[in-house]
Protein chains: 2
Amino acid sequence: MKRITNDVFVEKAIKLEPKLIEKQVKPINIVSINKSGKVEPRAEIGELELFTLKKGESIVLDFGDHQVGYVSLKLKSIGSPQDAPAYLRLKFGEVPKEITENSEEYNGWISRSWIQEEYIHLDVLPTWLHLPRRYAFRFLEIYAVDTSLKFQVVVEEVVCRAVSAVDMEEVEPISASDPVLQRMDKVSLRTLLNCMQSVFEDGPKRDRRLWLGDLRLQALANYATFKDYELVKRCMYLFAGLIRDDGAIGACLFTEPEYLVDDTFMFDYSLFFISTLKDYYEATYDIKTVEELWPSAYRQIELSRMCFNERNVVQEGDSNWCFVDWKEGLNKQASAQAIYIYALNDGIVLAEALDKVQLADELKEERKRFVSAALNYFWDDKQGVFISGEKRQISYVSQVWMVLAGVKAGEEARMLMDRIVELKPEMGMVTPYMNHHFVEALILCGEKEKAIDYMKYYWGGMLFQGADTFWELYNPDNPQESPYGSSAVNSYCHAWSCTPAYLLRKLSDEV
Amino acid sequence: MKRITNDVFVEKAIKLEPKLIEKQVKPINIVSINKSGKVEPRAEIGELELFTLKKGESIVLDFGDHQVGYVSLKLKSIGSPQDAPAYLRLKFGEVPKEITENSEEYNGWISRSWIQEEYIHLDVLPTWLHLPRRYAFRFLEIYAVDTSLKFQVVVEEVVCRAVSAVDMEEVEPISASDPVLQRMDKVSLRTLLNCMQSVFEDGPKRDRRLWLGDLRLQALANYATFKDYELVKRCMYLFAGLIRDDGAIGACLFTEPEYLVDDTFMFDYSLFFISTLKDYYEATYDIKTVEELWPSAYRQIELSRMCFNERNVVQEGDSNWCFVDWKEGLNKQASAQAIYIYALNDGIVLAEALDKVQLADELKEERKRFVSAALNYFWDDKQGVFISGEKRQISYVSQVWMVLAGVKAGEEARMLMDRIVELKPEMGMVTPYMNHHFVEALILCGEKEKAIDYMKYYWGGMLFQGADTFWELYNPDNPQESPYGSSAVNSYCHAWSCTPAYLLRKLSDEV
């Protein structure tokens, strides 16, 4: 793969880098966490200095809410003079369960380096230990791996310098009086705030990168709440500035040690650059930015066309060619067809905004052909649903994307959504990302109550599990599920789960 | 225990703090170490960058000799962009075996925090990792606990900033042509150099403190080699400046976070302040320092007198009241009696140097009474050896100290040493510290050949085991022995083992 850089775009992005807002946060409680993850109060925070840690002893501090930031600990020794280094293990948990999990037993397939755990030797106490890394956490366990027979360790003070590009005080609460919805909004906002750093990160614990699929949803939630348009603009210029030599926009970007597009490219994520730009335009009417970025956006349409056969039906690539959802065994062909049409819709809006009348007309013509192909190839009239792939797989996602793309609309779409819920196909949705699109589709069909009920079931389920921020992954039938072979590396504050703040405001605007 | 400080003395010590000499040292080889600690070459150091470390892979670097210093690593990633933190374990070993020992299995009774092992997360590569702690090592293992499926870690460069108060180039080699003695001298010098830091440390790996018993021997070796008189003076002022409220000089001192005497006091170590001052005087003729420190030295005699009964026989305290040696079950009463007389001898030298004629005479009288008590109470005429304790224990140490104190001298002493070697009592010597005194006693009796033979057997045994520096502990019958329940925390560069450099020069002077 060959990368090319548009220096002008990257320079613009660099100039838009936010100065992070810092807040000093202190723990509010000393707690115990049992094996099943239940949190019990253990002592008042004012009693912190009463805990004298000797070999094998620990305390767990509760910071009251999910934090993203830099932690400093003021430590001293008591007893005889410190005759050996103090050896501490610090473990940060977004959720209580992370504290109790034994990292040694981790055998997932992604890197155990994501487990937020540090082993630290302190040769000389007292000291302020300033940890150089950023952590995402609510709970911090301080465990004395060893001291010596002659001294113990006392934690005098712990401070987190929490960081974000935005401030919670900038957001108006939702009007709903339902306490579950109020809580859902609060947790959504916290999720979004904690993911808004130098870029929109997918998760501040893991993997802390700018992903286009996540960006699109974060941007929508941001327009409805924090309204930090500059950060979205920055991220779009990064994606447009760092591309493959054929003009393809990557699925994700690194910002350190330098701005760099990853070697992952996905059909849907590349196309969502168009949608992200269109959403940005509708939020800001910043036509200058649209003008500059339109060629990059349009290039994604051109590249995607190569994936279609002469009958305008999308051809599948390897297993990761298109994201859609993590559901194993999911066939993504119908969704990809729909997502292309969805992107065309947004492309038409942008072309019209730019007064590119001829191009807009051409795209509309193209849309017709591709919708027609979608109906011919994927619609199963007998079953009344869209199927996908050679094995004619029935899934939620195919219906959702066809509805969102407008291939079915109005009453037809509403009935289709009813039908798929009734059918309850084995090919369900596993990511909050896909569940968001399901709710979007319900709202589009006018099923507002169903949308709210489903949000209460899905995001409400995470609240019931004690979420302070919404998770990367939530399966109501198996809350401990992980796509990584172990929940120890799950991200429990994940951008693509933050959309209730957007959906709830959208529902309330439309009421 | 109440501490008091003589600020004038501590100020003098602070002014004498050495500026450490720094040398940049790089690894010379990439090696493999098998389970039994055998080192095999693996690759040229120039091939370092060819090793791309993925999860579970490691390299071991050989720095060619024992180093004490600060280590920096230049690291980069290769493969796809680094999509997860690199998680490394760095393990430093003074001897090869430390690299292969599993720290998890450590179950010794002193702190596992002494194991020189760090777990490090690196969020962004490439980077220079500058480790803040000082290590004592020859071997460094760099183990990739985890990377990710998409990248590997490459070690581009490793540098050690080695530190010492002295420089090897200041020392004349010994005249002996025997390669074993030459090597023994080199290893002794390296041991001493690496223990000479801001103070004379007992061991740069563990426990990095100033102990009076070690200081006395280091000072002797230093006078014969590096001749850094200021560092000895500094350490004496620290001991005299930081005392118990009754004037007792401590067994050891901390220098960080502040100068502080430990709460350990031992009969013999306190008395050795006198001997250390006398040795310093004989090396420097610095009578001003002797004048200033004499009251502190003499106070140790006064305090020790309280340990004797009306028959001038020393009364034993608890198990750690007097160090002598680590041999389990060792009775220390006879040794303590002898060490008091040994200190009196040195006190008499100092009193005379200070023209304290009357006091010198009083001390000589006292000496006579205590020697007489030693002969009456501890000498077993039938067996022709000194016994110790109520159970009349026969040990090497009692004979050695009685000879060093001059309770037996000349031909009588020589025969006594012969006898004890022949008897080979179960109560042997386990520390190089005590083995040093055994050799000193042999030399005092004129048994120079036996002294050299014994040194070849004892320190030569460590050389045969591959020592680059001499160890805290060496039992020729069980080279892996540890007083701590595990050799993982043994110190393999230990001050009290450095004396061959002194003994060999003494032997050559006397020849």
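Analysis parameters
Residues numbered from 1 in each chain as written. Chains lettered and ligands numbered in written order. Predicted model: local features only at pLDDT ≥ 70, side-chain atom pairs only at ≥ 80, totals over all residues. Heavy atoms only, no water. Helix = DSSP H or I, 4+ residues; strand = E, 2+ residues; numbered from the N terminus. Rg over C-alpha atoms; globule rule 2.2 N^0.38 Å. Buried < 20%, exposed > 50% of the residue type's maximum accessible area, 1.4 Å probe, protein only. Least-squares fit on C-alpha atoms with pLDDT ≥ 70 in both. Contact = heavy atoms within 4.5 Å. Buried area = accessible area lost by both parts, 1.4 Å probe. Salt bridge = Lys/Arg side-chain N within 4 Å of Asp/Glu carboxyl O. Polar contact = N/O pair within 3.5 Å; in protein donor to acceptor, adjacent residues only side chain to side chain. Nonpolar A, V, L, I, M, F, W, Y, C, P; charged D, E, K, R; others polar. Expected span 1.5 Å × (residues − 1). Pairing = 2+ DSSP bridges. Domains from an automatic or database assignment. UniProt positions renumbered as here; feature names shortened; annotations may be inferred. Patch = residues over 30% accessible without salt bridge, like charges linked within 9 Å, V, L, I, M, F, W, Y side chains within 5 Å. Areas by Shrake-Rupley, 256 points an atom, 1.4 Å probe, with all protein chains shown as cover. Lys, Arg positive; Asp, Glu negative; His and termini not counted. Charge placed at Lys NZ, Arg CZ, Asp CG, Glu CD. Phe/Tyr/Trp six-rings, centres within 6.5 Å; stacked < 30°, edge-to-face > 60°. Lys NZ or Arg CZ within 6 Å of the ring centre and 35° of its normal.

Enquirer: Sorry, what's going on with the overall build of chain A here?
Expert: The secondary structure content of chain A amounts to 14 helices and 16 strands. Taking 511 residues into account, the globule formula puts the C-alpha radius of gyration at 24 Å, and chain A, at 25 Å, falls close to it. A principal-axis box enclosing the C-alpha atoms of chain A has dimensions of 85 × 50 × 45 Å. Every one of the 511 residues in chain A was classed for burial, and the buried ones make up 63%.

Enquirer: Just checking my understanding: could you explain the relation of the copies chain A and chain B for this structure?
Expert: A rotation about some axis, followed by a shift along it, carries one copy of the chain onto the other. Rotating chain A by 180° about the axis while translating it 0.0 Å along that axis superimposes it on chain B, leaving an RMSD of 0.0 Å. Here the transformation between the copies is reduced to the relation of a two-fold axis. Among all residues of chain A, the minimum C-alpha distance to the rotation axis is found for Tyr119 of chain A, at 3.0 Å.

Enquirer: Explanation requested: the interface of chain A and chain B in the structure shown.
Expert: Interface size is commonly expressed as the accessible surface area that is lost when the partners come together. The partner chain B presents 42 residues to the 43 residues of chain A that form the contact. When chain A packs against chain B, close to 3,100 Å² is buried across both sides, 53% of that on carbon and sulfur atoms. Three residues stand out in chain A for area buried against chain B, namely Pro81, Ser113 and His121 of chain A, and they jointly supply 17% of the buried area on that side. Seen at the junction of chain A and chain B, the total is 8 salt bridges. A salt bridge links Asp123 of chain B to Arg208 of chain A, with the nearest nitrogen and oxygen atoms 3.2 Å apart. At the boundary of chain A and chain B, one finds 22 residue pairs in polar contact (both at pLDDT 80 or more). Put simply, the parts of the chain that give the side of chain A that touches chain B at least two residues each are β8 (117-122), β9 (127-146) and β14 (260-261) of chain A. The residue makeup of the side of chain A that touches chain B, split by class, is 18 nonpolar, 9 polar and 16 charged.

Enquirer: Even after reading the chapter, I still don't get unusual backbone geometry, so can you show me in this structure?
Expert: Across residues other than glycine, the phi torsion is negative in most instances, and most of the peptide bonds are trans. The amide bond that connects Arg206 of chain A to the next residue, Asp207 of chain A, takes the cis arrangement and shows omega of -5°. The omega torsion across Glu256 of chain B and Pro257 of chain B is 0°, close enough to zero to call that bond cis. The topology assignment puts Pro257 of chain B in the loop between β13 (252-254) and β14 (260-261). Of note, Tyr285 of chain A is a non-glycine position whose phi angle comes to about 55°, a positive value. With respect to the helices and strands, Tyr285 of chain A occurs in the loop between α6 (267-284) and α7 (287-305). Note on Tyr285 of chain A: relative accessible area 57%, which makes it exposed. Positive phi values are uncommon outside glycine, yet Asp355 of chain A reaches one of about 60°. Along the chain, the position of Asp355 of chain A falls in the loop between α8 (333-353) and α9 (357-378).

Enquirer: Honestly, α8 of chain A in this entry has me stumped. Any pointers?
Expert: Residues three or four positions apart in an α-helix share a direction because the helix packs 3.6 residues into each turn. Residues and elements named next belong to chain A. Look at α8: 30 Å from first C-alpha to last across 21 residues, which is about the 30 Å you get at 1.5 Å a residue. Counting buried residues along α8, 18 of its 21 residues qualify, which places the element largely inside the surrounding structure. Downstream of α8 by a residue or two, Asp355 has a phi angle that is positive, lying close to 60°.

Enquirer: For this particular structure, what's the right way to read the pairing of β9 of chain A?
Expert: All names here are of chain A. β9 sits mainly inside the fold: 15 of its 20 residues count as buried. Where strand β7 (residues 86-93) and β9 come together, 7 bridges link them in antiparallel fashion. Following the sheet pairing, Leu90 is matched in β9 by Ile142.

Enquirer: Would you mind going over the sheet that holds β13 of chain B with me for this structure?
Expert: Within a sheet, adjacent strands bond to each other through the backbone by hydrogen bonds, running parallel or antiparallel. All names here are of chain B. Reading across from one edge, β11-β13-β14 is the order of the 3 strands in this open sheet, with antiparallel pairing throughout. This sheet does not close on itself; its edge strands, each paired only once, are β11 (210-211) and β14. Relative to β14, β13 runs antiparallel, the two being bridged by 2 bridges. For Phe254, the partnering residue across the bridge sits in β14 and is Leu260.

Enquirer: Can you help me understand the side chain of Asn194 of chain A in this one?
Expert: Residues and elements named next belong to chain A. Within the secondary structure layout, Asn194 lies in helix α3 (residues 179-195). Here Asn194 falls in the buried class, since its relative accessible area comes to 2%. Among the polar contacts made by the side chain of Asn194, one reaches the side chain of His66 at a distance of 2.9 Å. Filtering out sequence-adjacent residues up to four positions away, Asn194 remains in contact with His66, Gln67, Val68, Pro204, Thr469 and Cys493.

Enquirer: Explain the domain arrangement of chain A here, please?
Expert: All names here are of chain A. One can read the domain layout of chain A as domain 1 (26-164) and domain 2 (168-510). Opposite the 24 residues of domain 1 that make contact, domain 2 presents 26 residues. Sorting the residues of domain 1 by area buried against domain 2 places His66, Trp114 and Arg134 first, and these three jointly supply 28% of that buried surface. Where domain 1 touches domain 2, the interface holds 4 salt bridges. Residue Arg138 is joined to Asp468 by a salt bridge in which the shortest nitrogen-to-oxygen separation is 3.0 Å. When contributions to the side of domain 1 that touches domain 2 are tallied by element, the ones reaching two or more residues are β6 (58-79), α2 (96-100), β9 and β10 (151-164). In terms of residue class, the side of domain 1 that touches domain 2 is made up of 9 nonpolar, 7 polar and 8 charged.

Enquirer: Got a minute to help me understand the side chain of Asp146 of chain A in this structure?
Expert: Here Asp146 of chain A lies in strand β9. Separated by 2.8 Å, the side chain of Asp146 of chain A and the backbone nitrogen of Arg112 of chain B make a polar contact. Other than its neighbours up to four places away in sequence, Asp146 of chain A contacts Lys55, Pro85, Ala86 and Tyr87 of chain A together with Ile110, Ser111, Arg112 and Ser113 of chain B.

Enquirer: Hey, could you run me through the environment of Val187 of chain A in this one?
Expert: Residues and elements named next belong to chain A. With respect to the helices and strands, the residue Val187 is situated in helix α3. Note: C-alpha distance between Val187 and His66 (121 residues apart in sequence) is 9.4 Å. Ignoring sequence-local partners within four residues, the contact set of Val187 consists of Leu463, Ala467, Asp468, Thr469 and Phe470.

Enquirer: Is there a simple way to think about the pattern of salt bridges in this case?
Expert: Residue and element names in this part refer to chain A. Tallied over the entire structure, the rule returns 94 salt bridges over all chains. Of the charged contacts, one joins Asp185 and Arg505 as a salt bridge, the two residues approaching to 2.6 Å between their closest N and O atoms. Separated by 320 residues along the polypeptide, Asp185 in helix α3 and Arg505 in helix α14 (residues 500-510) bring together distant segments of the chain. Per residue, the accessibility class of Asp185 equals that of Arg505, and both read buried.

Enquirer: Would you mind going over the sheet that holds strand β11 (residues 210-211) of chain A with me for this structure?
Expert: Read across the open sheet, the 3 strands follow the order β11-β13-β14 (chain A); overall the sheet is antiparallel. Strands with a single pairing partner mark the edges of an open sheet, and in this sheet they are β11 and β14 of chain A.

Enquirer: Can you help me understand the UniProt feature "domain: Glycosyl hydrolase family 78 alpha-rhamnosidase N-terminal" (unreviewed entry) in chain A in this one?
Expert: Here the UniProt feature "domain: Glycosyl hydrolase family 78 alpha-rhamnosidase N-terminal" (unreviewed entry) sits at residues 38-162 of chain A. Helix makes up 4% of residues 38-162 of chain A and strand 61%, whereas the separation of the span's terminal C-alpha atoms amounts to 25 Å.

Enquirer: Any chance you could explain the UniProt feature "domain: Alpha-L-rhamnosidase six-hairpin glycosidase" (unreviewed entry) in chain A here in plain terms?
Expert: Taken from the UniProt record, the annotation "domain: Alpha-L-rhamnosidase six-hairpin glycosidase" (unreviewed entry) applies to residues 174-504 of chain A. Helix and strand shares over residues 174-504 of chain A are 55% and 4% respectively, and the end C-alpha atoms of the span are 8 Å apart.

Enquirer: Explain a negative patch on the surface here, please?
Expert: On the surface, Glu104 and Glu105 of chain A together with Glu104 and Glu105 of chain B cluster together into a patch of negative charge. The residue Glu104 of chain B is located in the loop between α2 (96-100) and β8 (117-122) in this model. The exposure class assigned to Glu104 of chain B is partly exposed, which follows from its relative accessible area of 49%.

Enquirer: Just checking my understanding: could you explain the packing of aromatic side chains for this structure?
Expert: Each aromatic ring pair is specified by the distance between its two centres and by the angle formed by the two planes. If you walk through the whole model with that rule in mind, you get 73 aromatic pairs over all chains. Aromatic side chains Tyr87 of chain B and Tyr119 of chain B sit 6.0 Å apart centroid to centroid with 45° between the ring planes, which places their arrangement in the tilted category. With Tyr87 of chain B in strand β7 (residues 86-93) and Tyr119 of chain B in strand β8, this pair connects stretches of sequence that are 32 residues apart. On the accessibility criterion, Tyr87 of chain B (6% relative accessible area) is buried. An angle of 70° between the planes, with centres 4.8 Å apart, marks the rings of Trp379 of chain B and Phe386 of chain B as edge-to-face. A relative accessible area of 0% places Phe386 of chain B in the buried class. A network of ring pairs unites the aromatic residues Tyr396, Phe438, Tyr454, Tyr457, Tyr458, Trp459, Trp471, Tyr474 and Tyr492 of chain A as a single cluster. Of note, Lys408 of chain A hangs over the ring of Trp379 of chain A, and the distance from its end group to the ring centre comes to 3.9 Å.

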